[in-house]
Amino acid sequence: MISNQNVLLAEAQFREARAATNIAKAALFPVIGSAPSVSESRAANTIPNASGMHTALSLPLSASWEPDLWGNIRRGVTAATATAQASAAQLENARLLYQALIAEDYFLLHGQDGQYDLLNRTVTSYKEYLTLTKNRYAGGVASDLDVAQAESQLYTTQSELQDLGVTRAQYEHAIAVLTGKPPAELTIPNLVLQNPPPAVPIGVPSALLERRPDIAAAERQMAAANEQVDRKSTRLNSSHLGI
């Protein structure tokens, strides 16, 4: 599950668009208002031992409603709904993007594990070869150059092992950031992948494009823009008719 700051921003924008839809729907219903108040006053009183305090309670009510004769409010609601749907698609697109990044980093990380396993076995072989070369040198069969070359092969491979460890840590930290965790709290155990990844089909139906969140967001944005154009046209027509 993705929970980094970029996805949380997209989620907050979606909640904002959904709230705007509810505000637009509220215009379809009457608006009732009230401003109650209580006041006290002291009046001059000529009767002995009688209270001069008077309390006044005011409870005014007001109501207003605009009939949607030309569908202006309904078009505003439709436009706000389409905008919220576009925001939801953008949220899913952000999630899909970072899920793809996590999958890529995951396989690259375990790819480093495979290379580390290979180099580790290579280091073992080079150590054995270095021991053999030193024995041959002690027996007068090999030269100093042969021993130096064997040592150079071993030390170079050990250095590559250190570089692989640094690269693997970078991928692990990237996965931690994408999942919204501090890098120190995430530890992914070493794993040498044995099975190849699934094959990607060469041809896929074009209908799959409609399932892409970015395309769905673009379509919803266009629908919202069309509703806004119709809404402005309605306002112009009603103003020409004097309504």
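Small disclaimer: the values here were computed from a predicted structure and weren't measured. (Residues numbered from 1 in each chain as written. Predicted model: local features only at pLDDT ≥ 70, side-chain atom pairs only at ≥ 80, totals over all residues. Heavy atoms only, no water.)

**Notes on helix α1 (residues 5–26)**
Then, in step 1: Spanning 22 residues, α1 covers 32 Å between terminal C-alpha atoms, matching the ideal 32 Å at 1.5 Å per step.
Then, in step 2: Three or more residues of α1 are buried, namely Val7, Ala10, Phe14, Ala17, Thr21 and Ala24. Relative to the axis of α1, the buried residues are bounded by an arc of 95 degrees and lie together on one face. What points out from α1, more than 90 degrees from its buried face, is the exposed set Gln5, Glu16 and Ile23.
Then, in step 3: Buried residues in α1 make contact with α2 (72–138). (Helix = DSSP H or I, 4+ residues; strand = E, 2+ residues; numbered from the N terminus. Expected span 1.5 Å × (residues − 1). Buried < 20%, exposed > 50% of the residue type's maximum accessible area, 1.4 Å probe, protein only. Arc of directions from axis to C-beta. Contact = heavy atoms within 4.5 Å.)

**Re the packing of α1 against α2**
Then, in step 1: Viewed as axis vectors pointing N to C, α1 and α2 meet at an angle of 165 degrees, and their least axial separation amounts to 8 Å. Our classification of the angle between α1 and α2 gives roughly antiparallel. Crossing hand, α1 versus α2: left-handed.
Then, in step 2: When the residues that make up the contact of α1 with α2 are grouped by side-chain class, the tally is 14 nonpolar, seven polar and four charged. (Axes fitted to C-alpha atoms, helices over the stretch in contact; angles between N-to-C directions. Parallel < 35°, antiparallel > 145°, perpendicular 65-115°, else oblique. Left-handed = near helix turned anticlockwise from the far one by under 90°. Nonpolar A, V, L, I, M, F, W, Y, C, P; charged D, E, K, R; others polar.)

**Describing the pattern of salt bridges**
Then, in step 1: The final tally for this structure, using the stated rule, is seven salt bridges.
Then, in step 2: Of the charged contacts, one joins arginine 168 and aspartate 113 as a salt bridge, the two residues approaching to 2.5 Å between their closest N and O atoms. Of this pair, arginine 168 sits in helix α3 (residues 144–178) while aspartate 113 sits in helix α2, and the two are 55 residues apart along the sequence. In this pair, the class of arginine 168 matches that of aspartate 113, namely buried.
Then, in step 3: Note that glutamate 172 is salt-bridged to arginine 168, the shortest N-O span being 3.6 Å. (Salt bridge = Lys/Arg side-chain N within 4 Å of Asp/Glu carboxyl O.)

**Thoughts on the environment of valine 123**
Then, in step 1: Note that valine 123 resides in helix α2.
Then, in step 2: Sequence separation between valine 123 and threonine 156 is 33 residues; the distance between their C-alpha atoms is 9.4 Å.
Then, in step 3: Filtering out sequence-adjacent residues up to four positions away, valine 123 remains in contact with Leu154, Thr157, Gln158 and Leu161.

**Observations concerning a nonpolar patch on the surface**
Then, in step 1: Together, Tyr106, Phe107, Leu191 and Leu193 line one region of the surface with nonpolar side chains, adding up to about 340 Å² of accessible area.
Then, in step 2: Turning to its location among the elements, tyrosine 106 is positioned in helix α2. (Patch = residues over 30% accessible without salt bridge, like charges linked within 9 Å, V, L, I, M, F, W, Y side chains within 5 Å. Areas by Shrake-Rupley, 256 points an atom, 1.4 Å probe, with all protein chains shown as cover.)

**Thoughts on the packing of aromatic side chains**
Then, in step 1: Counted under the stated rule, the structure contains one aromatic pair.
Then, in step 2: Taken together, a centroid distance of 5.5 Å and an interplanar angle of 85 degrees make the contact between tyrosine 106 and phenylalanine 107 edge-to-face. (Phe/Tyr/Trp six-rings, centres within 6.5 Å; stacked < 30°, edge-to-face > 60°.)

**Re the environment of histidine 110**
Then, in step 1: On the secondary structure map, histidine 110 appears in helix α2.
Then, in step 2: Taking the C-alpha atoms as reference points, histidine 110 and leucine 193, 83 residues apart in sequence, are found 6.7 Å from one another.
Then, in step 3: Excluding anything up to four places from it in sequence, histidine 110 contacts Ile188, Pro189, Leu191 and Leu193.
Then, in step 4: A distance of 2.9 Å separates the side chain of histidine 110 from the side chain of aspartate 113, its partner in a polar contact.
Then, in step 5: A polar contact of 3.2 Å, which involves the side chain of histidine 110, links it to the backbone oxygen of leucine 191. (Polar contact = N/O pair within 3.5 Å; in protein donor to acceptor, adjacent residues only side chain to side chain.)

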